[in-house]
Amino acid sequence: MSLLELRGLGGGYGQVEVLRDLNLTVDEGEVVVILGANGAGKTTTLRAISGLLDRVSGDVFFDASAITNKAAQAIAQAGISHVPQGRGTFGDLTVDENLRIGAITRKDGGVESDLARWYEMFPRLAERRTQAAGSMSGGEQQMLAIARALMARPRILLLDEPSLGLAPLITKEVFERLGEINKEDGLAMLVVEQNASLALAIADRGCVLETGSIVASGPASQLMADETVRKAYLGF
Ligand code: ATP
């Protein structure tokens, strides 16, 4: 069975149904990208997985256990870390404090060595470790949000438009780091991203979401070569 499996997922807000019979899998070690127009339901899909959507139907399996409708905290503790759109870092707290919050539920003794590791991978965070997170640039805050999610030692990382509001060079750097983390740790990732070419470049597979259902999916290389996908999401 896949590490994460969505089976016939439905859900939405109040009376509004956003997700419709959505089926998706992410295997251990895989990077899967969700493409789709604004309002297709990409953010809602990640929120449904993380237990942040009020109303979910169908099944979410993680590591062969049903986690549908479990509390967000229990889902996070099971090994799913969500980097939300807009990053969600604590602006008044320092970089170091933000990172330690990411590890708050851990009881193992590896927190200090993990901190050292992510400071090494994100040197600008190390330079700014005593600085308030809110005083940093958008790119630095995005790296902080990712590093904070990693501090939980997740088994899968959910990333909601990590490139949002970032300059192209910074976006490229963010995706390079994500690619390295996937390669080095075999960490699975499910990424929602408008910058399809950068995201597909580090992905194993991709899929296209339209009005709450997956309408196309396949290996990243196949999607990059697909004319409809290229025109709609890659711009050439
Ligand atoms: P975007 O790229 O714009 O973030 P998306 O694919 O992530 O798009 P969602 O944010 O999941 O799309 O939104 C899907 C639909 O759900 C949209 O029609 C949106 O208006 C609606 N929606 C999102 N959040 C809420 C909410 N809190 N209450 C009511 N409707 C919502």
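The rules behind these values
Residues numbered from 1 in each chain as written. Predicted model: local features only at pLDDT ≥ 70, side-chain atom pairs only at ≥ 80, totals over all residues. Heavy atoms only, no water. Buried < 20%, exposed > 50% of the residue type's maximum accessible area, 1.4 Å probe, protein only. Helix = DSSP H or I, 4+ residues; strand = E, 2+ residues; numbered from the N terminus. Core = buried A, V, L, I, M, F, W, Y, C linked by side-chain atoms within 4.5 Å. Domains from an automatic or database assignment. Contact = heavy atoms within 4.5 Å. Buried area = accessible area lost by both parts, 1.4 Å probe. Salt bridge = Lys/Arg side-chain N within 4 Å of Asp/Glu carboxyl O. Polar contact = N/O pair within 3.5 Å; in protein donor to acceptor, adjacent residues only side chain to side chain. Nonpolar A, V, L, I, M, F, W, Y, C, P; charged D, E, K, R; others polar. Pairing = 2+ DSSP bridges. Axes fitted to C-alpha atoms, helices over the stretch in contact; angles between N-to-C directions.

On to helix α1 (residues 42-50). Within α1, seven of the nine residues are buried, which leaves the element mostly enclosed by the surrounding structure. Listed as buried for α1 are K42, T44, T45, L46, A48, I49 and S50. Phi for G51, located one or two positions after α1, is positive at around 80°.

Across soluble globular proteins, nonpolar side chains have a tendency to be buried as a group. The biggest cluster of nonpolar side chains holds 44 residues, and the ones touching the most others in it are F122, L125, L157, L178 and M189. In terms of residues, this core owes the most to one element, helix α6 (residues 138-150), which gives seven residues. Counting residues domain by domain, this core receives three or more from each of domain 1 (1-79 + 156-236) and domain 2 (90-153). Those residues in contact with L157 that sit more than four places away from it in its chain are S81, V83, A149, L150, L178, L187, A188, M189 and L190.

Considering the arrangement of structural elements, one finds G206 in strand β9 (residues 205-210). The exposure class assigned to G206 is buried, which follows from its relative accessible area of 2%. Considering only alpha carbons, one finds G206 and Q222, 16 residues apart in sequence, at a separation of 8.9 Å. Once you skip the residues sitting within four places of it in the chain, G206 turns out to touch V33, L200, A216, S217, G218, A220 and L223.

Structurally, the chain comprises domain 1 (1-79 + 156-236) and domain 2 (90-153). Computed over C-alpha atoms, the centres of domain 1 and domain 2 are 23 Å apart. Carbon and sulfur atoms make up 70% of the surface buried where domain 1 meets domain 2, a total of about 1,100 Å² over both sides. Ranking the residues of domain 1 by area buried against domain 2 places L157, R177 and I181 at the top, with a combined share of 31%. The tally of links from domain 1 across to domain 2 stands at three salt bridges. Counting across the interface, domain 1 meets domain 2 through three residue pairs in polar contact (both at pLDDT 80 or more). Contributing elements (two or more residues each) for the side of domain 1 that touches domain 2: β7 (156-160) and α7 (168-185). For the side of domain 1 that touches domain 2, the leading source of residues is α7, giving nine residues. Residues belonging to the side of domain 1 that touches domain 2 are distributed by class as follows: nine nonpolar, one polar and five charged.

Attention now goes to the sheet that holds β7. Taken in spatial order, the six strands of this open sheet run β6-β7-β8-β3-β9-β10, and their pairing is mixed. This sheet does not close on itself; its edge strands, each paired only once, are β6 (80-83) and β10 (213-219). Neighbour-to-neighbour, the strand axes of this sheet turn through a mean angle of 15°, independent of strand direction. The pairing of β9 with β10 spans six bridges and is classified as antiparallel. Looking at the pairing, C207 lines up with S217 of β10. Sitting on the sheet, α6 touches β6 and β7, and the angle it makes with β6 is about 170°.

Pairing is antiparallel across the open sheet formed by four strands, whose spatial order is β2-β1-β4-β5. Two strands lie at the open edges of the sheet, namely β2 (16-26) and β5 (65-66), each paired on one side alone. Sheet topology places strand β1 (residues 4-13) next to β2; seven bridges connect them, and they run antiparallel. Considered in β2, the bridge of Y13 is made with V16. Packed onto the sheet, α1 meets β1, β2 and β4 (55-62) and runs at close to 110° relative to β1.

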